[in-house]
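# Structural overview
Here is what each chain is made of, one letter per residue.
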Amino acid sequence: MALKNLLVLVVLLGVVGVSVAHPYGNPLKKQNGHRNPRATGDLDLDYYRSKCPQLETIVRRVTFQYVSRRPTLAAALLRMHFHDCFVRGCDGSILLKSPLKDAERDAFPNLSVRGYEVIDAAKSALERTWGCRGLVSCADIIALVARDAVSVIGGPWWPVPLGRRDGRISKSSEVNLPSPFSDVKTLKKNFLDKGLNTKDLVVLSGAHTIGVSSCGLINNRIHNFTGRGDFDPAMNPSYVRALKKRCKPTDVKTPVDMDPGSAKKFDSHYFNIVAQKKGLFTSDATLLDDLDTNLYIQAQVLTGGASFNRDFSESMVKLGFVEILTGKQGEVRRRCAFVN
């Protein structure tokens, strides 16, 4: 049996493949040998070192102060970074407020985003620090806070190349994020449109190992999937029964763990749950419908998540390069919620 499992593992890892992180240059510049036109520049791990060497220490301290008291903020701050990058790119536009309530943060998918106070606190601390005032973009702060928040709860660490500039535009009408109701074909296109591949899709879906959702987003799957009072056949029936006890048909507010049994710990347990057909969303369950994403899930289950932390770190570095503004593009906001 041990030999059989070993042979299966070799095959799985051979199919899934091994990716290489690009912490200095832009990993999105080339896709399949061609330059990605969405990649607008390179970032640098030492970008602020000469003028604001305290940057990462300050951001890490502020993040620890908030997340150590409220560990659930880790999932929220990671989600904020993801949502920011998937609209206009990683330009901090999710932070902008609008008196007309038509900014990204006012769009329905972003109404549940939390943790803006952490970004504001980090920005304020930097603005009070000699050498850092007016220098550090809010987009870079989001990227650093997301990394440090995951690290606080015991998750992986990854390098965050810096030098992003802040965008000046934020429109709720442009918020078209990957949906929890999407099938795998749609999700793969969503990610490809941002220069991310199928492996990035399944790896970053692993972020669902922390955090909660609500009954409102799953009631259709468990109570009335086809309009006949049935449930989604892609869900484990015992899991459906457990969810029905927690979520009544009209309940839209009760929280539900995205990774039951391990929702407060950043680990590979999410893939075990998906393999057992206990993925909370359609977007989780559908990862079993694609050969590549399914193989990755099975490999993580079989190896106890042996490569997940490394893979997640690499995909997060790639995410941080999505449609960035650099050089003289955009601006460095004095206050993250408002353009200068």
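Note that the structure is predicted; figures quoted are calculated from it, not measured. Sequence order as written defines residue numbering, which begins from 1 separately in each chain. Given that this is a predicted model, residues contribute local features only at a pLDDT of at least 70 and side-chain atom pairs are listed and counted only at 80 or more, while totals for whole chains, interfaces and linings are drawn from all residues. Just so you know, side-chain values use all the structure's heavy atoms and leave hydrogens and water out.

What follows is about helix H13 (residues 308-319). We count a stretch as a helix when DSSP gives it H or I for four or more residues in a row; a strand needs E for two or more, and each element gets its number in order from the N terminus. Multiply 1.5 Å by the residue count of a helix minus one, and that product is the helix's expected span. Along its 12 residues, H13 runs 16 Å from first to last C-alpha, staying within 8% of the 16 Å computed at 1.5 Å per residue. The buried label applies to any residue whose accessible area, calculated with a 1.4 Å probe on protein chains only, is under 20% of its type's maximum; exposed applies above 50%, and partly exposed to all values in between. Judged by how many residues are buried, H13 sits mostly within the fold: 10 of 12 residues are covered. The set of residues buried in H13 consists of Phe-308, Asp-311, Phe-312, Ser-313, Glu-314, Ser-315, Met-316, Val-317, Lys-318 and Leu-319. Residues are treated as being in contact if the distance between any of their heavy atoms lies within 4.5 Å. Those residues of H13 that are buried are in contact with helix H3 (73-85), helix H7 (198-205), helix H10 (269-275) and helix H12 (291-303).

Below, the discussion takes up the nonpolar core. We call a set of buried Ala, Val, Leu, Ile, Met, Phe, Trp, Tyr and Cys residues a nonpolar core when their side-chain atoms join them within 4.5 Å. Within the largest apolar cluster, 72 residues are counted, with the highest numbers of intra-cluster contacts made by Leu-55, Leu-78, Met-80, Leu-95, Leu-126 and Phe-312. Broken down by element, the residue count for this core peaks at 9 residues, all from helix H5 (residues 138-152). By size, the runner-up hydrophobic cluster in this structure holds 12 residues, among which are Ile-222, Tyr-239, Leu-243 and Met-258.

Any pair of cysteine sulfurs within 2.5 Å is marked as a disulfide. Under the criterion given, the structure shown has 4 disulfides. The disulfide partner of Cys-52 is Cys-132, and the S-S distance across this bridge is 1.9 Å. One disulfide, between Cys-52 and Cys-132, carries an S-S torsion of 95° and so falls in the right-handed class. Of this pair, Cys-52 sits in the loop between strand S2 (34-35) and helix H2 (55-67) while Cys-132 sits in the loop between helix H4 (116-127) and H5, and the two are 80 residues apart along the sequence. Given the relative accessible area of 1%, Cys-52 is considered buried. For Cys-132, a relative accessible area of 0% translates into the label buried. Across the disulfide, Cys-138 is cross-linked to Cys-336 (sulfur-sulfur distance 2.1 Å). Judged by the torsion about the S-S bond (-95°), the Cys-138/Cys-336 disulfide is left-handed. Taken together, the residues Cys-138 in helix H5 and Cys-336 in the segment after H13 connect sequence positions 198 residues apart. By relative accessible area, Cys-138 is classed as buried at 0%. Sequence-ordered numbering of the bonded cysteines in the protein yields a pairing of 1-4, 2-3, 5-8, 6-7.

Limitation: the analysis is restricted to geometry and does not speak to function.
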